[in-house]
Amino acid sequence: MRSSRVPEPVKRVAHLGSRSYGRLTAPARMLPSFLICGGQRCGTTSLYRAMAAHPAVLKAVLHKGVHYFDTSYHRGLSWYRAHFPLRRTADRLAERHGVPVQTFESSPYYMYHPHAPARIARDLPGVKLVVLVRDPVERAYSHHAHELARGFESETSFSRALALEPARLRGEQRRLVGDPTYHSFAHQHHAYRARGEYATHLAELAARVGRDRIHVVESERFFATPEDVYDEVLDFLGLPNLGYPAFERHNARPRGTAMEDRVRRDLTAHYAPYDEQLTSWLGRPPSWHR
């Protein structure tokens, strides 16, 4: 039986053509009113799919994650606009449903990249940010499995990858801050421990866009009671509930072996002060401590 899957070269040509057309029509296109900006391996794809199913929400045209405010900012705002729907499409939907239509994208690196918060605040004034958090110990373990599966990590041992992290990241934050065009592979793909320090990253976002425009979602709650969390996100975004989507879990990567007890203890101790700070965002201890 012949496969119906579109070959990657054909897909790339189609995307190139769509982006070229998108740039020509950029002035007539929307910009996002909200972003899912992290954290990585915290259920961002699952929430993205749920939000994209809302009748008054239009997703980015080509990709879930555009990565404009982190790795592609040099391409310019017209390039970014090219990824979003035409305003006339939104107007037709708004007339049908009787509510303003919103568009969005999801790029988990935005939460961690040092330039992303300021760029978002400058180019998308008034934008709202949805941030997902998850037990940071489990997040780090899942992140390592994810990078292995994608071919971005050669160290198969999680404990060894954690041990290598300080050397891999040494000086990378400083280089990124000093050179807006600099790209750090290690910073993007090998920050297993650092990306789970949620309170630090949330403080950076809040300093730029304002705390009232950030909504934090615990992925454990989202997967346990998706309807409740979905309603909270809609309320934050000013969207009506026009019916619940099919809530599914995407991109889960179960590990064949359990995390070493010593590694779990070390990570739990490392994250304790960050989790304590996160309590002030949530108004209660994080779900992984209850």
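No experiment lies behind these values; they were computed from the predicted model shown.

Q: Explanation requested: the nonpolar core in the structure shown.
A: One broad rule of soluble globular proteins: the nonpolar side chains tend to lie buried together. Counting 56 residues, the largest nonpolar core has Leu35, Met51, Phe69, Tyr80, Tyr110, Leu129 and Ile214 as the members making the most contacts within it. Not counting residues within four places of it along the chain, the set of residues in contact with Phe69 comprises Leu35, Tyr80, Tyr110, His113, His115, Ala116, Arg119, Ile120, Asp123 and Leu124. In terms of nonpolar packing, the next biggest core, distinct from the first, is built from 12 residues, Ala161, Tyr192, Val263 and Leu267 among them.

Q: Looking at this structure, how should I read the sheet that holds strand S3 (residues 102-106)?
A: Hydrogen bonding along the main chain pairs the strands of a sheet, whether they run parallel or antiparallel. If you walk across this open sheet you meet the 5 strands as S2-S3-S1-S4-S5, and the pairing is parallel. A single partner strand is all that each edge strand has here, and the edge strands are strand S2 (57-59) and strand S5 (214-218). Averaged over all neighbouring strand pairs, the angle between strand axes comes to 25°, with direction disregarded. Here strand S1 (residues 34-36) runs beside strand S4 (residues 128-133); their pairing, made up of 3 bridges, is parallel. Note on S4: the bridge partner recorded for Phe34 is Lys128.

Q: Explain the pattern of salt bridges to me, please; I cannot follow it from the model alone.
A: Side-chain pairs of opposite charge can arise where the charged atoms are in close proximity. Counted according to the given criterion, the structure contains 8 salt bridges. As a salt-bridge pair, Arg262 and Glu260 come within 3.5 Å of each other at their nearest N and O atoms. The exposure class assigned to Arg262 is partly exposed, which follows from its relative accessible area of 42%. Between Asp266 and Arg262 there is a salt bridge; the shortest N-O distance is 3.7 Å. With Asp266 and Arg262 both in helix H13 (residues 261-282), this residue pair falls 4 residues apart, about one helical turn. On the basis of relative accessibility, which here comes to 47%, the residue Asp266 falls in the partly exposed class. Here the residues in one salt-bridge network are Glu260, Arg262 and Asp266, joined through shared partners.

Q: How should helix H2 (residues 44-52) be read in this particular structure?
A: Because each turn of an α-helix spans 3.6 residues, side chains separated by three or four positions in sequence point in the same direction. Counting buried positions along H2 yields 7 of 9 residues, so the element is predominantly enclosed. Among the residues of H2, Thr44, Thr45, Ser46, Leu47, Tyr48, Ala50 and Met51 are the ones counted as buried. Among the structural elements, S1, S2, S3, S4, helix H11 (219-224) and helix H12 (226-237) are those in contact with the buried residues of H2.

What counts, and where the lines are drawn
- Residues numbered from 1 in each chain as written.
- Predicted model: local features only at pLDDT ≥ 70, side-chain atom pairs only at ≥ 80, totals over all residues.
- Heavy atoms only, no water.
- Core = buried A, V, L, I, M, F, W, Y, C linked by side-chain atoms within 4.5 Å.
- Buried < 20%, exposed > 50% of the residue type's maximum accessible area, 1.4 Å probe, protein only.
- Contact = heavy atoms within 4.5 Å.
- Pairing = 2+ DSSP bridges.
- Helix = DSSP H or I, 4+ residues; strand = E, 2+ residues; numbered from the N terminus.
- Axes fitted to C-alpha atoms, helices over the stretch in contact; angles between N-to-C directions.
- Salt bridge = Lys/Arg side-chain N within 4 Å of Asp/Glu carboxyl O.

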